[in-house]
Amino acid sequence: MVDEERDGVPLSSLDAPLGDGLGVTKRALVDYADAVAARLVPVLAGRPLSVKRVRPGQAPFMQRNVSKGAPDWVRTAPVWSEGSHREIHQVLCDDRRTLLWLANQRAVELHVPFFRVGGPGPTGLVLDLDPPEGADFPVVVAAARLVRQALDDCGLAGAVKTSGSKGVHVVVPVDGSSFEDVAAATRALAARTAALDPELATTAYLREDRGGRVFVDSTRSGQGTIVAAYSPRIRPGLPVSFPVRWSELDGVRPGDFTVATAPALLGDGDPWAESLPGPQELPADLVAEGHTIPIARVQAMHEGKRRKRAATAEQAAGGAERDA
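Residues numbered from 1 in each chain as written. Predicted model: local features only at pLDDT ≥ 70, side-chain atom pairs only at ≥ 80, totals over all residues. Heavy atoms only, no water.

Novice: What should I look at first to understand the overall build of the protein chain in this one?
Specialist: Along the protein chain, the regular secondary structure elements total eight helices and 14 strands. Against the compact-globule benchmark of 20 Å for 324 residues, the protein chain has a radius of gyration of 21 Å, which places it among compact chains. Overall size of the protein chain, expressed as C-alpha extent along the three principal axes, is 75 × 55 × 40 Å. Counting only carbon and sulfur atoms, one obtains 51% of the accessible surface of the protein chain, whose full area is about 15300 Å². For the protein chain, the distance from the average position of its 37 positive side-chain charges to the average position of its 41 negative side-chain charges is 5 Å. (Helix = DSSP H or I, 4+ residues; strand = E, 2+ residues; numbered from the N terminus. Rg over C-alpha atoms; globule rule 2.2 N^0.38 Å. Areas by Shrake-Rupley, 256 points an atom, 1.4 Å probe, with all protein chains shown as cover. Lys, Arg positive; Asp, Glu negative; His and termini not counted. Charge placed at Lys NZ, Arg CZ, Asp CG, Glu CD.)

Okay, structure coming up:
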């Protein structure tokens, strides 16, 4: 049953719960998307979307392929999926009505890559800062300031936003580099960040190796994705990934920004567009350094296999001793 229509998009079940344990209605998500469309659509436009959806009674799920029965005006882009070994068609959210259609689909989280369809190459890189379990937000803020120092040291600038969860994202617009070089530069920046204060920050991909430190994740650049600025997250109250000025970072908490509070905080402004520096050329020495650093996810996979083999051998040796 259609409750109302906006921009030609039929909207249904608006006063029903959005999903289990979220404490908001579907209307809250649709109204938020409508209120911030002028800021959110430019962040999404031209980028193949991965969306995380909810349904009452089901666990949240990530969706990359466009939904069956999507209106013919919903634009898509063909993208090769390594996971399913086939070409899929991902949504391009280039206008308000597509954003409203996604909200009506209960697409809460909107994840974007650092490239646009038909573009010349990667548009940016990100360092994703993930705090240790139980840590307060100021620990992540301290790590973000390390990232800023590492950027300053090599002549780069970035903008910062809350992740909408527990961490922050530091985003650096780039130009004129390949995906491989951008990914390499991200690894080098992560390593330089951790080296500034090894007791606070680490690049250890395996959780058991982090020792209570903030994880400086370099794996989301290149062909990876991050949740878009202004996107809600699937958490109680629907917190939002929200831009923060560097000068104000010490005074914020992730819970300050939700679908209920963010529109009023934005007013007529667009802090993400205002805080992002222009595209920058990556320093050659940073890229070269990064190419000497193993890809964290691949290195962790090999290390995990090594540890499993060692544990199996130890168990076998223990069993042999007991049998002797």
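Novice: Help me out: how do you make sense of the sheet that holds strand β9 (residues 159–162) in this one?
Specialist: Within a beta sheet, neighbouring strands are joined by backbone hydrogen bonds and run either parallel or antiparallel to one another. Taken in spatial order, the six strands of this open sheet run β11-β12-β8-β10-β9-β14, and their pairing is mixed. Whereas interior strands pair on both sides, the edge strands pair on one side only; in this sheet they are β11 (201–202) and β14 (243–244). Where β11 and strand β12 (residues 214–217) come together, two bridges link them in parallel fashion. In the sheet register, A201 faces β12, and the bridge partner there is V214. Across the sheet, helix α3 (residues 137–153) touches β8 (124–130), β9, β10 (168–173), β11 and β12, and the angle it forms with β10 is around 15 degrees. Strands in contact with helix α4 (residues 179–196) are β8, β11 and β12; relative to β8, the strand with the most contacts, it is inclined by about 35 degrees. (Pairing = 2+ DSSP bridges. Contact = heavy atoms within 4.5 Å. Axes fitted to C-alpha atoms, helices over the stretch in contact; angles between N-to-C directions.)

Novice: Is there a simple way to think about the environment of R145 in this case?
Specialist: Mapped onto the fold, R145 is located in helix α3. Relative accessible area serves as the criterion here: at 29%, R145 is assigned to the partly exposed category. R145 sits 48 residues away from T193 along the chain, and the two C-alpha atoms are 9.1 Å apart. One polar contact links R145 to D250, side chain to side chain, over a distance of 3.3 Å. (Buried < 20%, exposed > 50% of the residue type's maximum accessible area, 1.4 Å probe, protein only. Polar contact = N/O pair within 3.5 Å; in protein donor to acceptor, adjacent residues only side chain to side chain.)

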